[in-house]
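Single-letter residue listing:
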Amino acid sequence: MNINSILKKEGIKIIKPLDVITVNLISKNVANKLCLAFPEHGLNKMDLFIEFSRLKMFLAQMPDVQSGAKYLYKDNSIYFSDKLDYESLSEVAVHECIHYLQTTTDNNTNLTRLGLCSDPLGKATGNGINEASVQLMSAIANSSPVDTVKYYNISLSTITPTYYTLECSLLNQIAYFTGTYPLFHSTLNSNDIFKNTFIAKSDLKTYNQIEAKFDHLLELEGELSFVIHELQYSNGNLNKIRRLNKEIECGKKLISETFFEVQNLIIDIFFTDEFNNIKNLEDIAKFKERIYNFKNLIGYTETYTFYNKFYCDMMVSLEKKMNFIKENGSIDLIGSLKPELSLVPAVKTSISFFKKLLLKLGFLKREE
């Protein structure tokens, strides 16, 4: 597909190229921000400036449902919405410049990997996690403040209140256990360091499950945005309005449900792993602090109870383990851990009522 076809598909209409001075200013600002925010990743300010300044940048008309900018690897260009003011171009450009850095192509310039996203031109697994990681990095680089927001009745604190808010919240929870270094290293360098770190603290099945849930969440949000956009042009057709509103409500509930499925799985899998690796009283004290502080990272609704119940149950199990350590000394994880002192994750997932309803309404496609 040539670039004109891609632009047409994306709904992008070029207005004009940005002048050299503006391109250089954006490039300098983005390079400075990335180097200041991520010094541990070996980024070089001058090298980044040179690379970014070679990108083509355009002002363009873009769909309302799209973010303020779009990087296209086919022509090595960034397209900025004409609705942006010039002062915000550098801020929006950070996300797209990270996409540029993580782009991996073959000898025929076909996209082979994009950070945490594998096979981007095929099945494109990991797109949700990758977009969330890029947005987290962008928010950090832009020194975005923490804001308390509510999405689909989910209340949470975030530095990414505008784009990929739910995905970023979940990924931030995962980074609590993996650390941000492997996450951002793999995002920039398109490798499996983050994936392997994740698997070391859980297993491959869990990684694949959560990766798929991120992709599903991103897809659901995209479909919901499309339906909301369609509602604006319903031309007073009452039957259509009722149908679209029903789809919107079901979509919102399904997004909320998917978010909590992932959040609960993260809590269960990773804290169970940490619990099972407790060896002494010092580990117990650290574990208590970590599981308590985790409450600041999660999303809530008025009816959400999983974290509180998990916390209480874990405190009971922790008391048993603490008594065992006091009586017998530190635990040898290879030989002396009794079965009753270890835990197995308990979260199970299944197709939801709302997904069935959306399938019936034709809002979602059935998997082949």
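Residues numbered from 1 in each chain as written. Predicted model: local features only at pLDDT ≥ 70, side-chain atom pairs only at ≥ 80, totals over all residues. Heavy atoms only, no water.

Chemist: What is the right way to look at the overall build of the protein chain in this model?
Modeler: Scanning the protein chain from terminus to terminus reveals 13 helices and nine strands. The buried share among the 368 residues of the protein chain stands at 45%. Long-range pairs, those at least 24 residues apart, make up 65% of the contacts in the protein chain with a sequence separation of at least 6. Accessible area for the protein chain stands at about 19200 Å²; split by element, carbon and sulfur atoms hold 52% of it. (Helix = DSSP H or I, 4+ residues; strand = E, 2+ residues; numbered from the N terminus. Buried < 20%, exposed > 50% of the residue type's maximum accessible area, 1.4 Å probe, protein only. Contact = heavy atoms within 4.5 Å. Areas by Shrake-Rupley, 256 points an atom, 1.4 Å probe, with all protein chains shown as cover.)

Chemist: How should I be thinking about the pattern of salt bridges in this particular structure?
Modeler: A pair can form between side chains of opposite charge whenever their charged atoms are brought close. This model, assessed by the stated rule, comprises seven salt bridges. We note a salt bridge from Lys 70 to Glu 10, for which the minimum N-O separation is 3.9 Å. With a gap of 60 residues between them, Lys 70 in strand 3 (residues 69-72) and Glu 10 in helix 1 (residues 3-10) connect regions that are remote in the sequence. Residue classification places Lys 70 among the partly exposed positions, given a relative accessible area of 25%. Overall, Glu 10 belongs to the partly exposed group, its relative accessible area being 24%. The residue Asp 313 makes a salt bridge to Lys 309 at a minimum N-O spacing of 3.0 Å. Of this pair, Asp 313 and Lys 309 both sit in helix 12 (residues 306-328), four residues apart, which is roughly one turn of that helix. Taking the relative accessible area as the measure of exposure, Asp 313 reaches 40% and is therefore partly exposed. (Salt bridge = Lys/Arg side-chain N within 4 Å of Asp/Glu carboxyl O.)

Chemist: Got a minute to help me understand helix 9 (residues 204-231) in this structure?
Modeler: An α-helical segment advances 3.6 residues per turn. Residues three or four places apart therefore align on the same side. With 28 residues, helix 9 extends 41 Å between its outermost C-alpha atoms, agreeing within 8% with the 40 Å of an ideal straight helix rising 1.5 Å per residue. Of the residues flanking the start of helix 9, the one acting as N-cap is Asp 203, its side-chain oxygen 3.1 Å from the backbone nitrogen of Lys 205. (Expected span 1.5 Å × (residues − 1). Polar contact = N/O pair within 3.5 Å; in protein donor to acceptor, adjacent residues only side chain to side chain.)

Chemist: Honestly, unusual backbone geometry in this entry has me stumped. Any pointers?
Modeler: Trans peptide bonds make up most of the peptide bonds, and negative phi angles are found at most residues other than glycine. With phi around 50 degrees, Asp 119 is a residue other than glycine that occupies positive phi space. Considering the arrangement of structural elements, one finds Asp 119 in the loop between strand 7 (117-118) and helix 5 (127-141). Here Asp 119 falls in the partly exposed class, since its relative accessible area comes to 41%.

Chemist: What's the story with the sheet that holds strand 6 (residues 111-114) in this structure? I'm lost.
Modeler: Strands in a sheet are paired, the pairing made by backbone hydrogen bonds, and the direction either parallel or antiparallel. As summarised here, the arrangement of the three strands in space is 5-6-7, forming an open sheet in which the pairing is antiparallel. With partners counted over all chains shown, the strands left at the sheet margins are strand 5 (103-105) and strand 7, one partner each. Two strands pair when backbone bridges link them, and strand 5 and strand 6 are joined in this way by three bridges, in the antiparallel orientation. Residue pairing in the sheet places Thr 104 in a bridge with Arg 113 of strand 6. (Pairing = 2+ DSSP bridges.)

Chemist: Just to check I follow, could you spell out the sheet that holds strand 1 (residues 13-17) for this structure?
Modeler: The four strands lie next to each other as 1-2-4-3, forming an open sheet whose pairing is mixed. For this open sheet the edge positions go to strand 1 and strand 3, each flanked by a neighbour on one side alone. Ignoring strand direction, the axes of neighbouring strands in this sheet form an average angle of 30 degrees. Helix-sheet contacts for helix 1 involve strand 1, strand 3 and strand 4 (77-81), and the interaxial angle to strand 3 is about 150 degrees. Here helix 4 (residues 89-102) sits on the sheet and contacts strand 3 and strand 4; the angle it forms with strand 3, its principal contact strand, is near 25 degrees. (Axes fitted to C-alpha atoms, helices over the stretch in contact; angles between N-to-C directions.)

Chemist: Got a minute to help me understand the packing of helix 3 (residues 45-53) against helix 4 in this structure?
Modeler: The packing of two helices is summarised by the inter-axis angle and the distance between the axes. Running from N to C, helix 3 and helix 4 point in directions that differ by 95 degrees, and their axes come no closer than 11 Å. In terms of their interaxial angle, helix 3 and helix 4 are classed as roughly perpendicular. Facing Leu 48, Glu 51 and Phe 52 of helix 3, the residues of helix 4 in contact are Cys 97, Tyr 100 and Leu 101. (Parallel < 35°, antiparallel > 145°, perpendicular 65-115°, else oblique.)

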